[in-house]
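Understanding the architecture of this molecule
Below are the chains, spelled out letter by letter.
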Amino acid sequence: MNLLTPRGATTGPSALPTAPNADGDAQDEFRRQLRWAWRVLWRGKHLVLGCLLPVMVPTFLYLQQVTPRYMAEARISIEAPDVRNALDDRPAVRAWMSEQVVQTEADLLTSTVIAQRAIDKLKLKDDPEFNPALRQPKPLQVFLSKLNPLNWLMSFDGGDGNATASLSPAASEQVDNAAIVQAFLSKVSVKIPRRSFIISVAYTSESREKSALIANTLADLYVLDRLEANFDETRRVADWLGERLEKLRQDVEVAETAAEEFRSRYGLRRRGEQSAPIKDQQLSELSSKLVIARSELAQRQARQQQVRELLRARGSIDAISDVLQSPLIQRLREQETQRSREMSEALKTYGERHPRILGIRADLEDLRRRINDEVEKVASAISSEVEVAATGVRELERQLDRARQVSDRAGEAEVRLRELERQADATRAVYEAFLTRFKREAEQRQVQRANARIISPAEISLSPSYPPKRSILTAALGAAVLIGVILVFLLDRLDSSVRSSDEAEELTGLPTVAMVPLNRRRLKGSVSEDILNNPRSSLSDAVRSLRTALDLQGHTKSPRIILITSSVPREGKTYVSMCLAMMFAKAHPRVLLIDADVHRPNMFRMLGIDGERGLVQILAGEVGESDVIVPNAAGSLDFLPAGKALNTAEIINGAGMAALIERLSSRYDHIIIDSPPVLAVADTRVLACLADQVIYLIKWNETSRDAVRNGIKLLRSVGAPLFGVVLSQVNQRKHDRYGYGDYGYYYGRYHEYYGGEER
């Protein structure tokens, strides 16, 4: 539920309108809420009016003390600046205007440079409006400064007056000048209309003439600054070109000298000259020799490998071509063969031990030893050839490496030379370009323009722009009214009391069967007069409505036991119980009223009878019910007082009270029981279980919602037969102003139906 939802308004599913009448019900609900809001505001009109005073009075005093200020505005049209490249031969072009460019130009108007120029030109240092040292403070400002706690804290630290005491005179002057510049800029405002190259510069001052003068001065200084900026840029370009030309000339000389010295050092040819490629020929010859040497080395290594394999396999290298082709080995082989034949022939003639055989065998062994020696010499010769060939290959490789290194150094030198020549050429080209541009700038100096012009100078304002009194007063009035309205609705929301039948039904889930008006006279005579002798009173009609609701329920059991209780004391349940009993007694001859509040009996005083003995004595077994029941206590109404006892904590219990009610049921058609508050004692829950109908009483605009909620919860926990809710002590005049729309609202409006009684 929000702040503007009427208290007690039904928000559950039961409040949803049916489809055919959805629009009509919504309109009725809106009208009802609107009427409720108006009633709440009308009731809190004094609070709303009270909020106006503390807001409007200070606002009015503030407007009286504020010095009026006047604003003057000048308009400047800006154009895109010329973009020129000092090294480009093409003419200058217009830069593209973007929002960032326009914003940058607008920021220039609020720069400290232009502000300082305006201050110096107009001599604003001597103006009290800008120099606080020359200005006399107003009484209100002095008073507010004394109330400001920050000034107190700063006074402990020495204050701002001593902040510049340790500075030199020049530094102090700079600080004061900076303060004046800040004060000047605080009154400058720059606006940029959307999608426009127009800048509006406005100035606010206490003098209308001064505001126009300063605005026009700012515009003039801005245009002058843009013109000076173009001249300065051209001058800086020319100066830079001159300095750069001298540096480039020196760079050209250094680059060309370095190239010539490098060429002379390595004996390199000049660009375009042709020379014999001696180094290339040497590299080619050495490469060819190395290839041949490596081939021969491979062949010798293959022969050496073959010898080694034959030695490992057979232990002899006779099959090697070098061995087979050796003349000495061939002769020795022939001699060996001849001696072998001789040996074979001699063995046919002589024996093994014959001297001739021994001689031939010795010759064979000598020949074979000589053959092996020659074979070994061949193998050694092959190994020596391999070593010689490998040495030659290594030598050729060293020569080739040296030649390559020489060739590489020569190539690197040529690369370095070409690099130096390129650097010299590039430096010379840049120098010539700068020289050409410098001469053109010197001969054809363009006429500079500001790229900005004033299209609307500032005019003297006819009316002050500050303070906007009408707007401030309207805003203050609206704020005060809004605060008052919020407070009214907030206080209405924070009030937890029950003020309407809708609220009571939403809170308890029970119907509101009656709303008993407030009666400030509660003596016996007044109650009898209102109920018995004045049937047209609003009290009689409210109690009659309660009786009618009880009768129309359709309860057929007889007798009917009706219990009346409430959450807390002083809610009027005793009074309502007596009124309801009298109303029943008018229609039914046998009605008994029981005062069951034994802790705080009070009903006997209202009826003007003796209350020393009663319910307490019956339950204690001291007397019988016939001895203490007062017949015809009010009309035909019988009354059973509560009685008095020293200890009543356990006097009411389920068995004793149930037996008493059963005995009384045979004598009476209706029994009305006035019970204690349900949150105060536990007796009420015992009595509620004996009743046929329980009426829950809520004091209008006083009983809290939590108390009602907890009381109903306790009764439901014991299964009490809750019938409905009664709002008691309703102030009809106030309830009428609240405008909740329940039937209590019409009680207050149509009081002429109740005998013309005053509310």
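Not measured: the values here are computed from a predicted model. (Residues numbered from 1 in each chain as written. Predicted model: local features only at pLDDT ≥ 70, side-chain atom pairs only at ≥ 80, totals over all residues. Heavy atoms only, no water.)

1. Here we look at the overall build of the protein chain
The helix and strand tally for the protein chain stands at 25 helices and 14 strands. A burial count over the protein chain gives 38% of its 759 residues as buried. Sequence separation of at least 24 residues holds for 80% of the intrachain contacts in the protein chain that already meet a minimum separation of 6. Just so you have it, the protein chain exposes about 43,400 Å², and 53% of that area is on carbon and sulfur atoms. (Helix = DSSP H or I, 4+ residues; strand = E, 2+ residues; numbered from the N terminus. Buried < 20%, exposed > 50% of the residue type's maximum accessible area, 1.4 Å probe, protein only. Contact = heavy atoms within 4.5 Å. Areas by Shrake-Rupley, 256 points an atom, 1.4 Å probe, with all protein chains shown as cover.)

2. Some details on unusual backbone geometry
Backbone geometry places Asn701, a non-glycine residue, at a positive phi of 65°. The residue Asn701 is located in the loop between strand E13 (693–699) and helix H23 (705–717) in this model. Overall, the relative accessible area of 25% leaves Asn701 in the partly exposed class. Of note in this structure, Gln729 is not a glycine but carries a positive phi near 55°. Among the residues examined, Gln729 registers a relative accessible area of 13% and is labelled buried.

3. Observations concerning the side chain of Arg547
By secondary structure assignment, the location of Arg547 is in helix H16 (residues 538–551). Despite being buried, Arg547 has no salt bridge partner; Asp551 is the closest side chain of opposite charge, sitting 4.1 Å away. Each residue touching Arg547, except ones within four places of it in the same chain, is listed here: Leu580, Met583, Phe584 and Ala587. (Lys, Arg positive; Asp, Glu negative; His and termini not counted. Salt bridge = Lys/Arg side-chain N within 4 Å of Asp/Glu carboxyl O.)

4. Comments concerning the environment of Ala258
Along the chain, the position of Ala258 falls in helix H8 (residues 208–266). Look at Ala258 and you get partly exposed, because its relative accessible area is 30%. In this structure, the C-alpha to C-alpha distance between Ala258 and Ala424, residues 166 residues apart in sequence, is 8.9 Å.

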